[in-house]
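# Fold and contact review
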Number of protein chains: 2
Amino acid sequence: MGVRRRLGMWMAMAACVSAAVPATAQEAAPHGLMPVPASVTFDGGSLPIDARFAVAFAGARDQVLARAVERMLLRITKLTGLPIVREGGTVALTIRCTMPASPVPSAVDDESYLLKVTSSGATLTAPTPYGALHGMETFIQLIRQEPNGFAARGATILDKPRFPWRGLLIDVSRHWIPPDVIKRNLDAMAAVKLNVLHWHLSEDQGFRVESKVYPLLHQKGSDGLYYTQDQVRDIVRYAADRGIRVVPEFDMPGHTGSWLVGYPWLSSGKGPFEIGRVWGVYDPVLDATNEKVYAFVDRLIGEMAALFPDAYFHVGGDEVNGKQWDASPAVVAYRKQRGMKTNDDLQAYFNTRVSAMLARRGKVMVGWDEVLHKDLPKNTVVQSWRGQKSLAEAASQGYAGILSNGYYLDYIWPASQHYAVDPVGKDAAGLPEEARKRILGGEACMWGEWVTPETIDSRIWPRTAAIAERYWSPATITDAADMYRRLHGVSRQLDATGVTHRSGYTAMLDRLANDGPTEALRGIVDLVEPVKNYSRGRRAKFTSQMALNRIVDVAGAESDEARAFGQAVDALLADPSKPERRDPVVAALRRWQMSAREVQPVMSAPLLQEAAPLVQNVAALSGFGLRAVEALEKKWKLALTAEETDAMTWAAAPVADVLLMVAPHVKKLVDAAGK
Amino acid sequence: MGVRRRLGMWMAMAACVSAAVPATAQEAAPHGLMPVPASVTFDGGSLPIDARFAVAFAGARDQVLARAVERMLLRITKLTGLPIVREGGTVALTIRCTMPASPVPSAVDDESYLLKVTSSGATLTAPTPYGALHGMETFIQLIRQEPNGFAARGATILDKPRFPWRGLLIDVSRHWIPPDVIKRNLDAMAAVKLNVLHWHLSEDQGFRVESKVYPLLHQKGSDGLYYTQDQVRDIVRYAADRGIRVVPEFDMPGHTGSWLVGYPWLSSGKGPFEIGRVWGVYDPVLDATNEKVYAFVDRLIGEMAALFPDAYFHVGGDEVNGKQWDASPAVVAYRKQRGMKTNDDLQAYFNTRVSAMLARRGKVMVGWDEVLHKDLPKNTVVQSWRGQKSLAEAASQGYAGILSNGYYLDYIWPASQHYAVDPVGKDAAGLPEEARKRILGGEACMWGEWVTPETIDSRIWPRTAAIAERYWSPATITDAADMYRRLHGVSRQLDATGVTHRSGYTAMLDRLANDGPTEALRGIVDLVEPVKNYSRGRRAKFTSQMALNRIVDVAGAESDEARAFGQAVDALLADPSKPERRDPVVAALRRWQMSAREVQPVMSAPLLQEAAPLVQNVAALSGFGLRAVEALEKKWKLALTAEETDAMTWAAAPVADVLLMVAPHVKKLVDAAGK
């Protein structure tokens, strides 16, 4: 511990915020850590954090760690408002790390750490810098407000991940996602201890990396929206600095429409081809019978394998509908000649060839679960998107696997629904230990049909923090209510990493209101969520060049207010005789009623035209809800007219591609009052 | 115009947003341009903006302009949500610029431009790239929502600035402001056509630039919080790219306390010295009688002059209290020896020497108005902070001048108050034309005592946009109500430049509420403003290392809600018989009442302890206001008790360093109802 800098008398008094705070009743308080560590005990006391907070290294000062400390100080400044010095401070945290950082993190790094915080100082010990990075994130999460200022809660934490592969897929092809957005999401990933960016870089709708060997790929296949190779290297470095591996995906032989714009001869179908502008499965596919195609893929893989240092390389392999192959006499003849019965056999042959190309470059192939086939090389990693069953099957056949089924962020599920999915699910539970160990972890998938640089953060966060906990924390950590309690704080902490899931809401509401007042509008939008699964795409045709600026894009992925209202309703219905249980329900209903009234002046905004019925529904529901509460209070029997019952039903149906999430809760009230 | 890319039939139908929109009644609508151009006519019609919007250059493709176009596309994407392509689009705006960009902008650049927007396309013509940059900002401001999508309003705009020097001073010394915050503010400055960043780089509280010739300056004088020379060069380039000059200020011979920590011998007082931690005028001063001090200043100026390419160099010169000089026998003897009667004479001597050092490096000296002295070299630029009179005086004596008096952002004045101040004020109005032309413009000043990287944007914006208009637009543009109408939209547009005056509010409210719910708290904080002028500093001792995270730091600089409420009250009192004039007043009062009630659960948060009386005041005022409205309606006479009258009075007094801005308006209501 350094010596506190000498200050004038009144300053020393002002600095009393630095005095140690004794253990209090707060020590029994639940913690806010997410993911929950493998082991944590709270020892009482806390370590005051002030502007002179400083970090020291015991032993070597690794550059990766030094940069991480600087980021940590910036984050603490953002969370507390403290203007932390960079010279002359008082050491409060000492980091001891045994090994230096490797050039890039790998899938076999030890990520464990030991963090001890007492009222006189904190120590963080880890075998690798990657473990130390995780420990720093935990340290940040221990900081809280106390009566006299900010302090890190006293604790002993011994922590390590349950799974080594904890990923987030970002699809940058269907909508372009620029480097700065990727970077801020890498910071947020690191904050919740995710360690794999699965970068979905090519699709029918866009080839997003500069290729020097086949420049027409990005020149003709991206609308000019692609990463230069320098930008790719920069992002890979940025990720490595945060302990995150980058696994590139070049989806093939299907999903290659954008490749064919510049190189139509790669296809077994007829060109010319255009960049895909709509969603869905396209017919165009690489010609898996053409040796020139293999030579092309080999050179391309050579170029891209050099750009991405990770040992794993994803080749997609999903959703080959086979129409073009079946329509090509040459392909049909080839299949026959080689004794292949199905297109699956042909694709397996393609995969075997590609796997060999990767192996020659020291890379392990990863593919979506359609690649599973008796001929698939055994060292392939299978990523299951179609179900937990295929993952268990792959593991039992000797393949390593990653689960993504259940983690599709574009389904717009509540966090609790993803949280309930375990990479080792019931299908895998019966596997022998050896096979179960082949399940490396999971990946949340942010597919790009309905996200832009502006909205993507609000679809990834905060829900992905709950998924990250599933991948990191012990399998026994499953309490959804406690998860939501902690998610609330973590969502706010994530702001400080730069992601915009909360801060971006204001500007989007402004646009929706055509710069009119947004207070009442916010009250309405807070109650809705986008329609679920893929029903948005089924409701209307859409092109990738339309703006994602509708109410469905502005709405958060999960309505906290609806969830809270649902809990309040349940509490009230459990004992309607308690008047204090009525208050929150009535307050919410009145607030909606007011929002529905006060939002009227901005409803003439062009982007809000489609939302008029939604506001009517809010007004109607508020009225029904208030009548129901009154009926319950006075023990009347509430009877809605047929028209009113219809209105209740309609309020639960999608309007403008959003769902009014409070509708089922109001219905519950009304039903109870009608009994 | 290129040919629109061929699309499938249903896509062409979906693309009907691209069809020209005919002239409508909207053409009579007031415009949202800020600063108001020198000349603007709206020609009817509008130019649709869609994802295929593209820009072409007629003639040379200047790199400065090419980068500006990329930024413009990003901004349009942020404002509209449109995913704009970078290849294959349809040219909708053509830019013709006569001259290439100089390496850095200068104070004599022609900044004029001609922008013509029609329903079939837009052209922007400018003699210099700097004029073209301004034209692009105006083009962005012409974009608005129409029933079928976004479009730029048809217009012919011939524009040029009223003053060549339109600046913003940012003090990075009293609180450290890192490079990214400077950069985002440069983008916002460019958006409102400001062209000078006055970078206040040294102070008693910090020396913020790496010095290679005198490294103890930044090593001992900055707490490790300084710009490397590479960062300085990067920011100067960044500014130049946006048409913004960077004028560095190294304040001397006073305000040099941070220099003396590493080089105590520079002072005529006794060391050791420490970095200043409190606000106010310090005694330490450079020894203006010591030749070694002049040699030091000469070398330092040599180093810094090379780092900052602008022709102007600011040496401060303010607030030398002379105590150390008077206390030093050597200085007293020196003064006597040279026949200097006062410390002002000694400072004038110092300035003459420094001016010569700058002149040898081709630089013009700028100083605060204390530098005015009969011996001051005539080519000095005088920046007036003490009053318009000194500016007029300087101009009449032959000095060029800049006005900052009236533009101090840390006074927390309403935008209208700054807006009413003209660089050519009544003191200058009587000057001969020749002298009046020496008034080059003005600078808004963001002094750093009460701002951090987190809060500074909310103190600069949006008010500085109104000041920028004062410097750019014709002197006849003075309607404050119209200014506020436009400022509302511009404040929202500024979001897209990256400044956080609006988006940062959410996270600060979260912290204030200790991560509790913030809806009601927002309702309270929306009603307050920080105390004015420098009364915050007078109310309590403060050190630079305390956190600026209180309600006074979270509150905006100007309460829009209070202003709107005041207007509603005035309208009601003008004719209390009209019930529709009661509605907005009653709605606001009820909303506050609800906020005051619903905010209670978070008032236990540590940072909100000081705000309890404020919430009581809001509740009390709401009640008085509602009673007053009822009395007016029913033509009762409202009589408050003595206690209630006291409560009214207290509600207008500062609590926790904030003012409840609605208090005077409620008082007006109550007074009217009491008659």
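Quick summary incoming for the structure in this document.

About the thresholds
- Per-chain numbering applies: the sequence of each chain, read as written, is numbered from 1 onward.
- Lettering of chains starts at A and numbering of ligands starts at 1, both following the order in which they are written.
- Whole-chain, interface and lining totals are the exception, using all residues; otherwise, since this is a predicted model, local features are given only for residues with pLDDT of at least 70 and side-chain atom pairs are given and counted only at 80 or more.
- No hydrogens and no water enter the side-chain calculation; it runs on all heavy atoms of the structure.
- To define axes, lines are fitted to C-alpha atoms, for helices over the stretch in contact only, and angles between the resulting N-to-C directions are given on a 0 to 180 degree scale.
- Only runs of H or I of at least four residues qualify as helices and only runs of E of at least two qualify as strands under DSSP, and these elements are numbered from the N terminus.
- In what follows, roughly perpendicular refers to angles from 65 to 115 degrees, roughly parallel to angles under 35, roughly antiparallel to angles over 145, and oblique to any angle outside these ranges.
- Any two residues having at least one pair of non-hydrogen atoms within 4.5 Å are treated as being in contact.
- Put simply, Ala, Val, Leu, Ile, Met, Phe, Trp, Tyr, Cys and Pro go in the nonpolar bin, Asp, Glu, Lys and Arg in the charged bin, and everything else, Gly too, in the polar bin.
- Buried area: the sum, over both parts, of the accessible surface (1.4 Å probe) that disappears when the two are put together.
- One speaks of a salt bridge when a side-chain nitrogen belonging to Lys or Arg is within 4 Å of a carboxyl oxygen belonging to Asp or Glu.
- Grouping buried Ala, Val, Leu, Ile, Met, Phe, Trp, Tyr and Cys residues that are joined through side-chain atoms within 4.5 Å yields what is termed a nonpolar core.
- A 1.4 Å probe rolled over the protein chains alone gives each residue an accessible area, and that area as a share of the maximum for its type sets the label: buried under 20%, exposed over 50%, partly exposed in between.
- In this scheme the handedness of a crossing depends on how the near helix is turned from the far one: anticlockwise by less than a right angle means left-handed, clockwise means right-handed.
- An expected span of 1.5 Å times one less than the residue number is assigned to each helix.

### Here's the deal with the packing of helix α10 (residues 329-337) of chain B against helix α11 (residues 343-360) of chain B
Each pair of packed helices gets described by two things: the angle between the helix axes and the distance between those axes. Residues and elements named next belong to chain B. Where α10 meets α11, the axes come as close as 11 Å, and the angle between the chain directions of the two elements is 80 degrees. The angle between α10 and α11 places the two elements in the roughly perpendicular class. Of α11, the residues touching α10 (which contributes V331, Y334 and R335) are N343, L346 and Y349. Partitioned by chemical class, the residues of the contact of α10 with α11 number four nonpolar, one polar and one charged.

### Describing the interface of chain B and chain A
A common way to state how big an interface is: give the accessible area lost once the parts meet. Across the boundary between the two partners, chain B contributes 59 residues, which contact 60 residues of chain A. Taking both partners together, chain B and chain A bury about 4900 Å²; carbon and sulfur atoms supply 53% of that area. For the interface between chain B and chain A, the tally reads eight salt bridges. Taking the shortest distance from any N to any O, the salt bridge between D510 of chain A and R502 of chain B comes out at 2.2 Å.

### Topic: unusual backbone geometry
With an omega of 0 degrees, the peptide bond between M34 of chain A and P35 of chain A qualifies as cis. Tracing the backbone through its elements, the reader meets P35 of chain A in the loop between α1 (9-14) and β1 (39-48). Of note, K193 of chain A is a non-glycine position whose phi angle comes to about 70 degrees, a positive value. On the secondary structure map, K193 of chain A appears in the loop between α4 (179-191) and β9 (196-203). Notably, H255 of chain B is not glycine yet its phi reads approximately 55 degrees, a positive angle. Inspection of the secondary structure puts H255 of chain B in the loop between β11 (245-250) and α7 (257-262).

### Notes on the nonpolar core
In terms of nonpolar packing, the biggest core is built from 101 residues, with I182, W199, Y227, F250, M252, W259 and F308 of chain A touching the most fellow members. Top element by residues in this core is helix α8 (residues 291-307) of chain A. It accounts for nine residues.

### Comments concerning the packing of helix α17 (residues 463-472) of chain B against helix α18 (residues 480-495) of chain B
Residues and elements named next belong to chain B. Here α17 crosses α18 at 120 degrees, and the two axes come no closer than 9 Å. The orientation of α17 relative to α18 falls into the category oblique. As α17 runs across α18, the sense of the crossing is right-handed. Seen from α17, the contacting residues are A465, A466 and E469; seen from α18, they are M483, R486, L487 and V490. A breakdown of the residues in the contact of α17 with α18 according to their chemical character gives five nonpolar, no polar and two charged.

### Let's talk about the pattern of salt bridges
For the coordinates displayed, the defined rule picks out 96 salt bridges over all chains. Ionic pairing is found between D230 of chain B and R233 of chain B, a salt bridge with its closest N-O pair at 3.1 Å. Of this pair, D230 of chain B and R233 of chain B are both found in helix α6 (residues 229-241), three residues apart, which corresponds to roughly one turn of the helix. Under the relative-accessibility criterion, D230 of chain B is labelled exposed at 54%. For R233 of chain B, a relative accessible area of 33% puts it in the partly exposed group. Residue D298 of chain B is joined to R361 of chain B by a salt bridge in which the shortest nitrogen-to-oxygen separation is 2.7 Å. Of this pair, D298 of chain B sits in helix α8 (residues 291-307) while R361 of chain B sits in the loop between α11 and β13 (364-368); the two residues are 63 residues apart in sequence, bridging distant segments of the chain. With relative accessibility at 18%, the residue D298 of chain B sits in the buried group. Connected via shared salt-bridge partners are D171, R174, E203 and E449 of chain A.

### Brief notes about the side chain of R184 of chain A
Along the chain, R184 of chain A turns up in helix α4. If we ignore the near neighbours within four places in the chain, the residues touching R184 of chain A are P453, D457, T497, G498, V499 and T500 of chain A.

### Structural notes on the environment of W265 of chain B
Residues and elements named next belong to chain B. By the secondary structure assignment, W265 is in the loop between α7 and α8. Residues W265 and I235, spaced 30 residues apart in sequence, show a C-alpha to C-alpha distance of 32 Å. Once residues within four sequence positions are removed from consideration, W265 is found in contact with N290, K292, V293 and F296.

### A short note on helix α25 (residues 612-634) of chain B
In an α-helix there are 3.6 residues to a turn, and that puts residues three or four apart on one side. The end-to-end C-alpha distance of α25 of chain B, which contains 23 residues, comes to 34 Å, matching closely the 33 Å that a straight helix rising 1.5 Å per residue would cover. Residue K635 of chain B follows α25 of chain B closely and has a positive phi angle near 55 degrees.

### Brief notes about the environment of D671 of chain A
Here D671 of chain A is to be found in helix α27 (residues 663-673). Measuring from C-alpha to C-alpha, the distance between D671 of chain A and D427 of chain A comes to 39 Å, with 244 residues separating the pair along the chain.

Geometric values such as these leave the question of function open.
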